[in-house]
Amino acid sequence: MAIREIALIGEPVLREQTREISSEEIASSEIQETITDMIETMHHANGAGIAANQIFSPLRICVIEVSDNPRYPYKPNIPLTILINPQITPVGTEMFENYEGCLSVPNLRGKVERYCQIEIKALDRNGQPIEETICGITAGTFQHEIDHLDGKLFVDRVKNTASLCTWDAFKKYHEKQVEKEVKTIVEKWGA
Ligand code: NI
């Protein structure tokens, strides 16, 4: 187990399509250790999720967990979820604005549009299939992590670049309003 270095914006590994894992590979110590390191690195950095390429392993794996997260105090909790080879399908066309940040993009946040509802298909770390419908703010977190696996960063999706800000400026100018908006979304979508 180890806390791994996080790749920062500008590292080519963040811009590459990640490689799918074969079902035989999932049980290998290499993959299992990578997953354990991802969880540990995410916890250490207080991330809501991390993708394998963010720790320089260009594999199609991401982990997500929100447990009273100090970086995102308004985010609903999400139990620890490990997604191998995730595929995402939007349900409907409704979208919401999500003020995102990223461990690979230090001290920057920006407003991104995300689908309110998605269907996700993946394998867990035991190779068992996961098929779930994910809604609301939590759906935004899943879309952010799966974007990483396709070489995309949240900054690519920021339409209004005037929304870009530091974490201090977010706290000063946006946090109160965002908390209200998040509450409305959580009430509507239950997550
Ligand atoms: Ni990120």
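Note that this is a predicted model, so its numbers are computed, not measured. (Residues numbered from 1 in each chain as written. Predicted model: local features only at pLDDT ≥ 70, side-chain atom pairs only at ≥ 80, totals over all residues. Heavy atoms only, no water.)

Draft legend 1. Fine view of the overall build of the protein chain. Scanning the protein chain from N- to C-terminus turns up three helices and seven strands. Listing every helix and strand of the protein chain by position from the N terminus yields α-β-β-β-β-β-β-β-α-α. Taking 16 Å as the expected radius of gyration for a compact globule of 191 residues, we find that the protein chain reaches 16 Å, a close match to that expectation. In terms of overall dimensions, the protein chain has a C-alpha envelope of 45 × 35 × 30 Å along the principal axes. By the burial criterion, 49% of the 191 residues in the protein chain qualify as buried. Considering only contacts within the protein chain whose residues lie at least 6 apart along the sequence, 69% involve residues at least 24 apart. When the accessible surface of the protein chain is totalled, it reaches about 9,400 Å², and 50% of it is carbon and sulfur. (Helix = DSSP H or I, 4+ residues; strand = E, 2+ residues; numbered from the N terminus. Rg over C-alpha atoms; globule rule 2.2 N^0.38 Å. Buried < 20%, exposed > 50% of the residue type's maximum accessible area, 1.4 Å probe, protein only. Contact = heavy atoms within 4.5 Å. Areas by Shrake-Rupley, 256 points an atom, 1.4 Å probe, with all protein chains shown as cover.)

Draft legend 2. Quick look at empty space enclosed by the protein. Evaluated as defined, the whole model comprises two cavities of 30 Å³ or more. A volume near 170 Å³ is recorded for the largest cavity. Considering the residues around the largest cavity, the lining is formed by 18 residues, among which Ala-48, Tyr-72, Gly-101, His-144 and Glu-145 are closest to the centre. Looking at the lining of the largest cavity, the elements that each hand over two or more residues are β4 (95-102) and α2 (136-149). Across the lining of the largest cavity, the residue classes break down as five nonpolar, nine polar and four charged. Size it by volume and the second largest cavity reaches roughly 60 Å³. For the second largest cavity, the full set of lining residues is Tyr-74, Glu-97, Asn-98, Tyr-99, Lys-111, Ile-137, Val-178, Glu-181, Val-182 and Ile-185. Looking at the lining of the second largest cavity, the elements with two or more residues in it are β4 and α3 (167-189). Sorting elements by how many residues they give to the lining of the second largest cavity places α3 first, with four residues. For the lining of the second largest cavity, the residue count by class is six nonpolar, one polar and three charged. (1 Å grid on protein atoms, 1.4 Å probe; cavity = no way out; pocket = protein on both sides within 12 Å on 5 of 7 lines; lining within 4 Å. Points joined across faces, edges and corners; volume = space filled by probe spheres on them. Nonpolar A, V, L, I, M, F, W, Y, C, P; charged D, E, K, R; others polar.)

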